[in-house]
Amino acid sequence: MLIHNLLLILSLSTGAKVAIGIGLVLGVIAFRVPSVALALAIIGALVAYQVPVSIVGVVAAVLAFITLPILRAPTVSRMIMTVANRLRLFPKVSATEKAALDAGTVWMDKELFSGDPSMKTLMSQHLRPLSPDEQAFLDGPVAQLCELINDWEIQEQKAIPDHIWAFIKEHRFLGMIIPRAYGGLELSALGHSRVIEAIASVSPTVAITVMVPNSLGPAELLLHYGTQAQKDRYLRRLATGDEIPCFGLTEPTAGSDAGGLQSNGVVFKGNDGELYIRFNWNKRWITLSGISTIIGLAFLLRDPDKLLGGAVERGITCALIPTNTPGVDVSRRHDPLGVPFVNCPTTGTDVVMPISCIIGEAAGVGNGWSMLMDCLSAGRGISLPSLSVGGAKTMTAATSAFAVIREQFGMAIGQFEGIHEPLARIVGKTVLLQAARDYTCGAIDQGEKPSVVSAIIKWQSTELFRTIVNDSMDILGGAGITQGPRNVVASAYKAAPIGITVEGANILTRTLIIFGQGALRCHPYAYDEVSAAESGDYRKFDRAFFGHIRHVIRTKMRVTFLTLSGGLLSCHYGGTFSAYKRRLVWSSAVFALLADIAMLYFGGALKAKQMITGRLADMLSWMYLATSTLAYAEKNADNKALRPVIRWALAHCFYNVHVAVIGYFENMGLVTRWFVAPLYRLIPLGKQPSDALGRDVALAIQNNVALRDSMIQGSHVSTADKPGISQLDDTYRQLIAIKEPLARIRKAVKAKVLPKKKHTLQVLDAAVAAKIVSHGEALAIRKAEERRGEAIQVDSFEVAASGFPD
C-alpha cells in the first residue's frame, strides 16, 4: 500500500505534490502525528521531486538522528543538554525553590498553561455543598458572633472584648480545621471560607483573629506532620482555645526570602544524657504572639556535635515552644495601621527545649520549609480570599444602598453616570471574587492543593478588594472618611493593605512566584527539561526537549489562526457565554506561546526579567479568574439578572489579559514591538467593559432587590436597628418599597396636577387628597424619608470624650 501511494504521488503534477507536502506537514503538527511520519513525508517529497539518491540518503540519515529517540538521545540531545548547562540556559533551582515547586498539586492551571485547554475539563469543577452541620454553624454561632461584634468598640478599645473571646472559644472557632475526633469542627474548605467571609463582613479585626489559627500554623502542621503523641497533646486544647497558637516565620532578614532566616536552634546533650535544643530568635509581625500560649517556630537547626548523625547544618525545621518557657519574650506589640488585631514581635534568648519539640520529631528534622510550602499551597487559597469576599460583599451592600439613599441636585446620586463607573467596578469585581473563591474551594475540598492557583487567588483577591474599597470610599465621600459606628468602609480601608503584604507579598507573588512556579510546574515539558538537565538524564531530556519543540510549533499555528480569526476558529461552545469560552481558549494559546518565547529568549536569566514574568503572571491569573467566572455563570445559569454582571466581569478579565500581552511585547525587541504588538492592538484579546454595560450593572444593583440579595448573600447584615450597614440596608429597602408611589407623585407634578415643591413631603398631603397615593403609601413615604435623613448622618464626638485637644 505504501509503495502504491508513493507511485501515485510521483504521477501527480508539481502543484499537487506541493499541496500534499504542505498538507502532510500541517497534519503532522496539528494532529500530533509522530515526528517519524514527518520525516517519511519529507523523504517522500524528495523522492517525488526526483532528488538525487545521495542527497536523499544524507537527508534520511540526518532525519533518523533527529526523529528516532534511540539515535537522537545519546547524540543530539546529549550535546544540546551539555551546551545548555554550560551556558546556564536553564534556571538554577535552589533547595527552597525546589521545595516550593514540589509542594501542592497541579490543577486547572496546567490546562491554561497548555495552550489548548479542554473547556469540558475547566467547567467540570463542582462546588461541594455545605453539610447540614456546617449550615447550622453558620446560621447559629456564626450569626450570633456577628451580632455580638461592635467593630467601632473594638477600634476604640484596640482590643477584642472578653465576652467575644469567650464566645469564640466556647464555640470552637479556633478549631475549624481540626478533626472532630480532637474536638474541632472539621469544616470543609468552603465551610471554613464561609465562616471567615461572614465575620469579615462585620469586623476585619475579629476575622483575622479567627482566621490565623485556622491557617498556616501549629494546628495544620500537627495534623499533617505531627507525631501521634504531639497530636494528642495539643490538638484538643487548640480546638477549645485553651492553647492560643501563633506561628513565627518572618524576621528582619527573612521576609519574602526564607533563605535569609537567622533564627537558630543548636542541638546539645544535657547533663541527664538527653538531647535538647538551645533556641535564639528574633521574629516580627507575628499575629497573636502577644496573647499566645504556644509558638510554632521556623528556625535553622544546627547539630555541631553530630548528635543526630549526618550533617551539621540540618536546614529549616519547625518546632512548638510554649511561651511561658524561660527566655521567650512576647511582651511588645506592633500597630498595623491602627487595625487592632494582636500582631507582635517575639524574641527568644537561649530558650532550651527537649528535641521532641520538633514537629514530627526525627521525621521533621530539616523538613520545615517543605512542610510550610505544602500547607500554604492550600491554606493560601482560603484565608485571605475569604476576607476579601466578605469585605467586598459589605462594600457592595453599602455602596448600592448609599447610591439610592443619598440625594444631591434633587436626585439620588446613583442616577449619576459618575457613580455608575465605580459602582459597576465594585459589583463586577465582587462577582470575580465570589466565583474564584467558590472554584478554588471546590478543588481543595476534592483533595487538591493547587499551589500556583492559591498564589493567584491570594494576590488577585487582595488587590481586587483594595480597588473595591477605594471605589467605595469615593462613592461614600465624607461618610467614608468620618470614623465612628456609622462608618462601614474605614475599617476595611485600613485593613486592605495588610492582606497585600502577608502570606507572600503581592509584588513577590506576581513577579516571581506565579509564573516562576507555574512555568515549571504547569508547563507540559519545562520542569522535565530542567530536572533532566540537572541530573544529566539525557533520555528524559530528549523526551522533554523535543516534545517542547513540537508543542511550540503546534501552539504557534494555533495562535496564528485564532488571532487572525479573533478566536472564532476555536471549537464551538454552546451557551450564553460561548464567545467568552472561545476567547479563553485563544488567550491560553497566546499565553502558552509567549511563555515559551520568554523561556527560550531569556533562559535562566528570566528570573531577573520581572517586567516579563509579571505580565505573564497577569495573563495566567486573569485567565484563571475568567475560568472561575464562566464556571460560576454555568452554576447560576437560571439567574438572568446576573448575566450583565457576569459579562462585565468577563470583559474586565480579557481586557486585562490584553493589557498584559501588550505590556509583554513592550519589554521585548524592536521587531516584536513594531510588527507583532500592532496586530494585537488591531485584533485585541479583550476590550474594556462598555459604558453601557457598566450603566446596566450599576442600575441593576440599585433597583433589583433580588439581584442585590444574591450578590451579598453570605455577608452578615443585622436585622437589628444598628448604625452602619444595618441602617443603610433597612433604609434602602424602605426607599425601594416606595419607589412606585413616588413615581406617581413625580408624574403628577410634571403634569401640573400637583404643585412643584422642593421636596416630595411638601406635596404628600395634596397627593393623598388627589388619591394619587393612599394613606398607607403616604405613611410609608414619610417613614422612609425620615429614615433617609437618619441614614445620611455621620458621627461626631464631644471633645472631652473623644481625646481631641481642646
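Criteria and cut-off values
Residues numbered from 1 in each chain as written. Predicted model: local features only at pLDDT ≥ 70, side-chain atom pairs only at ≥ 80, totals over all residues. Heavy atoms only, no water. Helix = DSSP H or I, 4+ residues; strand = E, 2+ residues; numbered from the N terminus. Rg over C-alpha atoms; globule rule 2.2 N^0.38 Å. Buried < 20%, exposed > 50% of the residue type's maximum accessible area, 1.4 Å probe, protein only. Contact = heavy atoms within 4.5 Å. Patch = residues over 30% accessible without salt bridge, like charges linked within 9 Å, V, L, I, M, F, W, Y side chains within 5 Å. Areas by Shrake-Rupley, 256 points an atom, 1.4 Å probe, with all protein chains shown as cover. Salt bridge = Lys/Arg side-chain N within 4 Å of Asp/Glu carboxyl O. Pairing = 2+ DSSP bridges. Expected span 1.5 Å × (residues − 1). 1 Å grid on protein atoms, 1.4 Å probe; cavity = no way out; pocket = protein on both sides within 12 Å on 5 of 7 lines; lining within 4 Å. Points joined across faces, edges and corners; volume = space filled by probe spheres on them. Nonpolar A, V, L, I, M, F, W, Y, C, P; charged D, E, K, R; others polar. pLDDT = per-residue confidence, 0-100. Core = buried A, V, L, I, M, F, W, Y, C linked by side-chain atoms within 4.5 Å. Axes fitted to C-alpha atoms, helices over the stretch in contact; angles between N-to-C directions. Left-handed = near helix turned anticlockwise from the far one by under 90°. Phe/Tyr/Trp six-rings, centres within 6.5 Å; stacked < 30°, edge-to-face > 60°. Lys NZ or Arg CZ within 6 Å of the ring centre and 35° of its normal. Disulfide = S-S within 2.5 Å. Parallel < 35°, antiparallel > 145°, perpendicular 65-115°, else oblique.

Moving on: the overall build of the protein. For the protein, the helix and strand inventory stands at 35 helices and 9 strands. For a compact globule of 806 residues, the expected C-alpha radius of gyration is about 28 Å, and the protein comes in at 31 Å, within 12% of that figure. Each principal axis of the C-alpha atoms in the protein carries an extent, and together these give about 105 × 90 × 50 Å. Here the protein holds 806 residues, and the buried ones make up 53% of them. Partitioning the intrachain contacts of the protein with sequence separation of at least 6 by distance along the chain shows that 75% fall at a separation of at least 24.

Bringing a nonpolar patch on the surface into the picture now. On the surface, a nonpolar cluster with roughly 360 Å² of combined accessible area is contributed by Phe 65, Leu 68, Ile 70 and Leu 71. With respect to the helices, strands and loops of the structure, Ile 70 is situated in helix α5 (residues 69–86). Assessed through its relative accessible area of 69%, Ile 70 is described here as exposed.

According to the stated counting rule, one finds 33 salt bridges in the structure shown. With a shortest N-O distance of 2.8 Å, Arg 787 and Asp 721 are connected by a salt bridge. Of this pair, Arg 787 sits in helix α34 (residues 775–791) while Asp 721 sits in the loop between α30 (705–712) and α31 (725–737), placing them 66 residues apart in sequence. Here Arg 787 falls in the buried class, since its relative accessible area comes to 10%. Owing to a relative accessible area of 59%, Asp 721 belongs among the exposed residues under this scheme. We note a salt bridge from Arg 744 to Glu 777, for which the minimum N-O separation is 2.5 Å. Note that Arg 744 is positioned in helix α32 (residues 739–750) and Glu 777 in helix α34, a separation of 33 residues in sequence. Connected through salt bridges with shared partners, the residues Arg 194, Glu 197, Lys 393, Arg 437, Asp 438 and Lys 635 form a single ionic network.

In this section: the pairing of strand β5 (residues 313–322). Residues in a regular strand point their side chains to alternate faces of the sheet. Among the 10 residues in β5, 7 count as buried, and that is most of the element. Summarising the sheet, strand β4 (residues 294–302) and β5 pair through 9 bridges and their orientation is antiparallel. If you follow Arg 302 over to β5, its bridge partner there is Glu 313.

With that settled, the discussion passes to helix α27 (residues 643–666). Given 3.6 residues per helical turn, the α-helix brings residues three or four places apart onto the same face. Counted at 1.5 Å a residue, the expected span for α27 with its 24 residues is 34 Å, and the 35 Å between its end C-alpha atoms agrees. Burial of α27 is extensive: 19 of the 24 residues sit out of reach of the surface.

Moving on: empty space enclosed by the protein. In this structure the tally under the stated criterion is 3 cavities of 30 Å³ or more. What lines the largest cavity is a set of 14 residues, among which Ala 479, Arg 486, Asn 487, Ala 791 and Gln 793 lie closest to the centre. Of the residues contributing to the lining of the largest cavity, the split by class is 7 nonpolar, 5 polar and 2 charged.

Our next topic: the layout of surface pockets. Here the second largest pocket defines a volume of roughly 830 Å³. With 5 residues, the single largest contributor to the lining of the second largest pocket is α32. Here the lining of the second largest pocket is composed, by residue class, of 10 nonpolar, 6 polar and 8 charged.

All right, on to the environment of Val 763 then. Relative to the elements of secondary structure, Val 763 occurs in the loop between α32 and α33 (764–769). Residues Val 763 and Ile 745 lie 18 residues apart in sequence; the distance between their C-alpha atoms is 8.4 Å. The contact partners of Val 763, leaving out residues within four places of it in the chain, are Ile 745, Pro 755 and Lys 757.

This part is about the confidence of the model for the protein. With 94% of its residues at a pLDDT of at least 70, the protein reaches an overall mean of 90. Note that residues 1–13 has pLDDT below 50 and, in this model, 8 contacts with residues that lie over four places away or in other chains. Here residues 22–33 scores under 50 on pLDDT; set against residues more than four positions off or in separate chains, the count is 14 contacts.

In a soluble, globular protein the nonpolar side chains are often hidden away together inside. Within the largest apolar cluster, 137 residues are counted, with the highest numbers of intra-cluster contacts made by Leu 616, Leu 620, Val 661, Tyr 664 and Ile 745. Setting aside its immediate chain neighbours within four residues, Leu 620 contacts Leu 112, Phe 113, Val 452, Ile 456, Ile 514 and Phe 591. Core analysis: the second largest hydrophobic core is formed by 64 residues, Ile 168, Cys 344, Met 353 and Cys 441 among them.

With phi around 50°, Asp 350 is a residue other than glycine that occupies positive phi space. In this fold, Asp 350 is placed in strand β7 (residues 343–354). A residue is classified by how much of its surface remains accessible, and Asp 350, at 45% relative accessible area, is partly exposed. Of note in this structure, Glu 361 is not a glycine but carries a positive phi near 50°. Relative to the helices and strands, Glu 361 resides in the loop between β7 and α16 (368–379). What makes Glu 361 partly exposed here is its relative accessible area of 33%.

Remark: helix α23 (residues 526–535) packs on helix α24 (residues 538–564), axes separated minimally by 8 Å, with the N-to-C direction vectors making an angle of 145°. Note that α23 runs across α24; the crossing there is left-handed. Together, Asp 528, Glu 529, Ser 531, Ala 532 and Ala 533 of α23 and Lys 540, Phe 541, Ala 544, Phe 545 and His 548 of α24 make up the contact between the two elements. Among the residues forming the contact of α23 with α24, the class breakdown is 5 nonpolar, 2 polar and 3 charged.

Turning to helix α17 (residues 383–405), a few remarks are in order. End to end, α17 covers 33 Å across 23 residues, agreeing with the expected 33 Å (1.5 Å per residue, within 8%). With respect to burial, α17 is a largely interior element, 23 of its 23 residues being buried.

What follows concerns the packing of aromatic side chains. The final tally for this structure, using the stated rule, is 21 aromatic pairs. Note on Tyr 601 and Phe 602: the rings are 4.8 Å apart at their centroids and 80° apart in plane angle, and the pair reads as edge-to-face. Residue classification places Phe 602 among the buried residues on the basis of a relative accessible area of 16%. Each member of the aromatic cluster is reached from another via a ring pair, and the members are Phe 90, Phe 541, Phe 545 and Phe 546. One cation-aromatic arrangement involves Arg 72 over Phe 546; the distance from NZ or CZ to the ring centre is 4.1 Å.

Turning to the state of the cysteines, a few remarks are in order. This structure, assessed with the given rule, holds 0 disulfides. We note that Cys 146 lacks a disulfide partner, and the nearest cysteine sulfur, in Cys 441, lies 18 Å from it. Among the residues examined, Cys 146 registers a relative accessible area of 3% and is labelled buried.

Another point: the side chain of Asp 471. For Asp 471, the position within the fold is in helix α19 (residues 451–476). In contact with Asp 471, other than residues within four places in its own chain, are Pro 422, Arg 425 and Ile 426.

With respect to the helices and strands, Gln 155 occurs in helix α10 (residues 151–157). Aside from chain neighbours lying at most four places away, what touches Gln 155 is Pro 340, Gln 483, Ser 491 and Lys 494.

Our next topic: the packing of α24 against helix α25 (residues 578–602). Two elements in contact, α24 and α25, have axes separated by 9 Å at closest approach and are oriented at 135°. With respect to α25, the element α24 is oriented oblique. For α24 against α25, the interelement crossing comes out left-handed. Where α24 approaches α25, its residues His 548, His 551, Val 552, Thr 555, Lys 556, Arg 558, Val 559, Leu 562 and Thr 563 are matched on the opposing element by Val 585, Trp 586, Ala 589, Val 590, Ala 592, Leu 593 and Asp 596. A breakdown of the residues in the contact of α24 with α25 according to their chemical character gives 9 nonpolar, 4 polar and 3 charged.

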